[in-house]
Structures are given as C-alpha cells and as structure tokens.
2 protein chains.
Amino acid sequence: MAQHILSAFDRDLESIQAMVVKMGGLVEAQLVDAAHALDTRDEELADSVRKRDKAVDALEEQINEEAARLIALRAPAASDLRVALSVIKIAGNLERVGDYSKNMAKRTKVLLQMPTINGSTGAMRRMAQAVEGMLKDAIDSYIQRDDKLAADVRARDIEIDQMYNALFREFLTYMLEDPRNITACMHLHFIAKNIERMGDLATSIAEQVIYLVTGEIPDDERPKSDSVTLANHPEV
Amino acid sequence: MAQHILSAFDRDLESIQAMVVKMGGLVEAQLVDAAHALDTRDEELADSVRKRDKAVDALEEQINEEAARLIALRAPAASDLRVALSVIKIAGNLERVGDYSKNMAKRTKVLLQMPTINGSTGAMRRMAQAVEGMLKDAIDSYIQRDDKLAADVRARDIEIDQMYNALFREFLTYMLEDPRNITACMHLHFIAKNIERMGDLATSIAEQVIYLVTGEIPDDERPKSDSVTLANHPEV
C-alpha cells in the first residue's frame, strides 16, 4: 500500500478490518475442516466445526457494531461511508460461508449412517479445495486492496460452476444405478450446492474489493458456466 | 404505538423504514408470484419474477446507504444505533427472500421441460402459502413493533420444517417409484428447501423485531421440528 497520512477514520477502520481478517481466517478454517471431515468421515471434526460456528457469528455481530460506531463517531464523507458499509457486507458474506460449513458438518454426520458413495469423494474434495483457494485469495485481495487478484477470484467462479454441474450429473447416475443411493446422494448434492454457493460468496467479497479499489461495480452478470444448463444450475 | 415526541433521528428513521416496508411488499409479491408460477406452470410469470429481482436488490442498496447516512448524520447513541443496524439486517433478509424467489422462478422454467410430478403440487402450494403468511406477519410486526406477533411468526417456523420434512420423504418415494422422476424431483426438492429457508428468513426478521421491542435476543435455538430427523433437515 502507498504510504499516506492516516485520518482518525482510517485508524479506526484498520482495527475493524483486523477483525474482518480474523473472521476470514476462522471461516477459512471452518471450510477446510468441514471438507476434511466429509472426506475422511471424521465425526469428531464435524462436531467441532458445528460448535465453532458460534464464534464466527459473534465476530460478525461485533464487526457490525464497531462499524456502526465508527460511522456514528466519525461521520465520514460518502466515499468513507461506502468503505465502512463494505466491511459490514464482507462480514455478512463470511458469516454465510460459516453457516454453510456448519451445514456441511451436520450433513456429514448424517452421511456417516449411510453407505459411502465412493466415486464422488475426489471431485467433492477438489471442488472444496478450489473454493478454499478463492476464499483465501478474496480475503488477501481485501487486505492488500488488490483488484487484480479480486478479478482473478471472480474469474475462477466459473470453474466451480462447472465442477458443480459435473457432480450434479454424477449423483444422478448413482441414483439411477441403485435406488439405495438416493438419500445419500441427495445429501451429497446439497453439500455440493453449498460449496458452490460458498464460491459465489467468495466472488461477492472479491466484487466488494473491486468496488473499493476502482469505484466501479463489476457487471451485474458474472461469467457463468454456459455449458450444460442454466437448467441444472440456477445460482441461488 | 404510544405517542412520543419524535427526535430528528426518529424522523429520518421513519423514511428509511418506509423503504423497508416497500421492500417487504415487493418481496412478498415476488414470493407469491414465484409460487403461483410454479403451481400453474406459468412461464411468463416466472420470467417476470426473474426480471423484478433487480428492483429488490436496488432497494436494499438504497436502504443500506440511507441507514449509513443516518448514522453518520445523527451519531445516534447505542440503542438507536441498534435500531439503524436492524434496518440493514432486515433489508438483507428480504433481499435473500427475493433471491430465493428468483431461483424458484428459474427452476420453474426448467421444470416446464419435464413431466409434472402431480402428487407434490398441493403440498408445495400449502408450504409456500404458510411462508407467505409468516413473511407478511413478520413485516407487520416490524411496522407495529409488535413482539407478540413476531413471537407467533417464530413459533410457526416449526410447521414449515415439518412440511419440508414431509416433502423430502415424498420426493424420495417418487424417485424410488420411477427413476425418470429423479431430475424433476431434485429440482422440486431444491425449491422446497428454498421455501423452507425463506421461512427461516421471515423468522430472522421476527427475531429482529423481538430484539427491538424487548431488548432481548430470543434463545439461540429456535423451536425446531424434532420429529423425524435433524438428519433430513439441517437448517442452512
């Protein structure tokens, strides 16, 4: 970052941003552990992810209050106001990534009671790792105000969509092959969808960074996998 | 509401609250129309829901900026700060209900290319209507600062969970009966899950209202359907 004289607003903002970075670290760990628990069928780790979600929620609450207090105290001009609001948005996105990780952990516990669907574990792992990388880079791009890195995160979302589409078809195949796979596949499909949504949330964070740095909101329409189907993949 | 002398903060807040109420109305209409489009296989209505989502997003943006401007201008004390933050939270919840409605509309268009799963339409309609009622009452409870009504909304969430659980089992049955139903059932299942999530979001709004009125955050654990399974129903 270029050196510049910090205003009172900037100084206060830095301490809130440190909380956002901490929250990013917590949430990244939640996703990594949730994916690992799913991959290795580790019930204890899944339980630990579930329990730790409260700390993520508490941190979001704290960030929101501090950001509001900052706004109230410093009465910032329009551009600084937007910076403070972006903190609230990014914390909100991180909180939802935390929720999806918790949900993965819950479904992992359910899946432990069912037969393993072997074919999918590699693809699920790769998808989770790709999203972990996006989330890490989104947070780094925020810390460094690096709009190039943020644009890169945004561009990678299309790969996640493609991975999700492939998994969707794979689960359909397993269900058609053997109806006893249906329940497990529905849970796995929800997990895949949640991972895909976490990719969307990392992308949202990256878009906030692009906005902070350039003042421009990226085009409304993200690059999306145009392969198979909008059909199989409405993005909510 | 008891009469009291309005502060400058209160007056400004009222105009923002009017925007929240307007947003609530828009979002309610989106859900009603999305459910109706699904029920009657109405592609045109589904398209219209998809298009109108942008207006919902724009309104959220506007509410966030006005709320931040209010905080900056009036430098409110802690309790008023929380009121202003709750506006941002409620608008965020409404925006997500809007997203889920848009998603329902997208999946409806996909489902039009597939055979109808007749058995489920009644149950889906009832579930959507129950959530519409919760959303309407949550917004009314906010307008009237009526914590009793908000508590009622919160209590009704359990019924939605039960409806969702029943639909989950129903879709499993259809898939087992005839593998050609699998794809359509997976989309319907996602829609059911999204409706259930909209119930959660209405409940979150109700909890914000309870917090505003009583100063207490309701217990972390909501009443949840303890029937069948946490198994079939992790709540993200």
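Residues numbered from 1 in each chain as written. Chains lettered and ligands numbered in written order. Predicted model: local features only at pLDDT ≥ 70, side-chain atom pairs only at ≥ 80, totals over all residues. Heavy atoms only, no water.

As annotated in an unreviewed UniProt entry, chain A is Phosphate-specific transport system accessory protein PhoU from Paenirhodobacter enshiensis. Listed in UniProt under the heading Sequence similarities (unreviewed entry), the comment for chain A reads: "Belongs to the PhoU family." UniProt lists a comment for chain A under the heading Subunit (unreviewed entry), and it reads "Homodimer." (UniProt positions renumbered as here; feature names shortened; annotations may be inferred.)

A word on empty space enclosed by the protein. Empty space among the atoms becomes apparent when a probe as large as a water molecule is rolled across them. Applying the stated criterion to the full structure yields 2 cavities of 30 Å³ or more. For the largest cavity, the calculated volume is near 40 Å³. M186, H189 and F190 of chain A together with M186, H189 and F190 of chain B are the residues that line the largest cavity. When residues of the lining of the largest cavity are traced back to their parent elements, those giving at least two are α6 (182-214) of chain A together with α6 (182-214) of chain B. Grouping the constituent residues of the lining of the largest cavity by class yields 4 nonpolar, 2 polar and no charged. Among the secondary structure elements, those contributing two or more residues to the lining of the second largest cavity are α3 (78-111) and α4 (121-143) of chain A. Per-class residue counts for the lining of the second largest cavity are 6 nonpolar, no polar and no charged. (1 Å grid on protein atoms, 1.4 Å probe; cavity = no way out; pocket = protein on both sides within 12 Å on 5 of 7 lines; lining within 4 Å. Points joined across faces, edges and corners; volume = space filled by probe spheres on them. Helix = DSSP H or I, 4+ residues; strand = E, 2+ residues; numbered from the N terminus. Nonpolar A, V, L, I, M, F, W, Y, C, P; charged D, E, K, R; others polar.)

What follows covers the interface of chain A and chain B. Across the boundary between the two partners, chain A contributes 47 residues, which contact 47 residues of chain B. Together chain A and chain B conceal approximately 4100 Å² of surface at their shared face, both sides included; 66% is due to carbon and sulfur atoms. Where chain A touches chain B, the interface holds 4 salt bridges. Note that E61 of chain A is salt-bridged to K89 of chain B, the shortest N-O span being 3.1 Å. Summed over the shared surface of chain A and chain B, the number is 4 residue pairs in polar contact (both at pLDDT 80 or more). (Contact = heavy atoms within 4.5 Å. Buried area = accessible area lost by both parts, 1.4 Å probe. Salt bridge = Lys/Arg side-chain N within 4 Å of Asp/Glu carboxyl O. Polar contact = N/O pair within 3.5 Å; in protein donor to acceptor, adjacent residues only side chain to side chain.)

To continue, consider the environment of D137 of chain B. Residue and element names in this part refer to chain B. Note on placement: D137 falls in helix α4 (residues 121-144). Taking C-alpha positions, D137 is 8.6 Å from A202, a pair spaced 65 residues apart along the chain. When neighbours within four sequence positions are excluded, D137 is seen to be in contact with L149, V153 and R156. Within the local environment of D137, its side chain forms a polar contact with the side chain of R156, the two groups lying 2.9 Å apart.

Attention now moves to the environment of E60 of chain B. Residue and element names in this part refer to chain B. Relative to the helices and strands, E60 resides in helix α2 (residues 43-74). Taking C-alpha positions, E60 is 8.2 Å from V20, a pair spaced 40 residues apart along the chain. Apart from residues no more than four positions distant in its own chain, E60 is found in contact with M23, A91, G92 and E95.

Moving on to the confidence of the model for chain A. All names here are of chain A. Chain-level pLDDT for chain A is 88 on average; 91% of the residues reach the 70-or-more range. Across chain A, the secondary-structure element scoring lowest on mean pLDDT is α3, at 92, and the one scoring highest is α4, at 95. Scored below 50 in pLDDT, residues 225-236 makes 35 contacts in the model with residues more than four places away or belonging to other chains. (pLDDT = per-residue confidence, 0-100.)

The next thing to look at is the relation of the copies chain A and chain B. The relation between the two copies of this chain is a rotation about an axis and a shift parallel to it. You can overlay chain A on chain B at an RMSD of 0.0 Å; the transform is a turn of 180° with a shift of 0.0 Å along its axis. What we have between these two chains is a two-fold relation. Distance from the rotation axis, computed per C-alpha, reaches its smallest value in chain A at A72 of chain A: 2.4 Å. Mapped onto chain B, 100% of the interface residues of chain A again fall at the interface, so both copies present the same surface. (Least-squares fit on C-alpha atoms with pLDDT ≥ 70 in both.)

Relative orientation of the contacting elements α6 of chain A and helix α5 (residues 147-177) of chain B amounts to 125°, with a least axis distance of 11 Å. Viewed along their axes, α6 of chain A and α5 of chain B adopt a mutual orientation that is oblique. In this structure, α6 of chain A meets α5 of chain B at a crossing whose hand is right-handed. Seen from α6 of chain A, the contacting residues are I182, T183, M186, H187 and F190 of chain A; seen from α5 of chain B, they are Y164, F168, L172, M175 and L176 of chain B. Considering only residue class, the contact of α6 of chain A with α5 of chain B consists of 8 nonpolar, 2 polar and no charged. (Axes fitted to C-alpha atoms, helices over the stretch in contact; angles between N-to-C directions. Parallel < 35°, antiparallel > 145°, perpendicular 65-115°, else oblique. Left-handed = near helix turned anticlockwise from the far one by under 90°.)

Residue and element names in this part refer to chain A. Using the criterion set out here, one finds 3 aromatic pairs over all chains in the structure. Measuring from centroid to centroid gives 6.3 Å for Y164 and F168, while their planes differ by 55°, and the two rings are tilted. Placement of the pair is Y164 and F168 together in helix α5 (residues 147-177), with a separation of 4 residues, close to one helical turn. In terms of burial, Y164 and F168 fall into one category: buried. Geometry around Y164 places K193 over its ring, the cationic atom sitting 4.8 Å from the centre. (Phe/Tyr/Trp six-rings, centres within 6.5 Å; stacked < 30°, edge-to-face > 60°. Buried < 20%, exposed > 50% of the residue type's maximum accessible area, 1.4 Å probe, protein only. Lys NZ or Arg CZ within 6 Å of the ring centre and 35° of its normal.)

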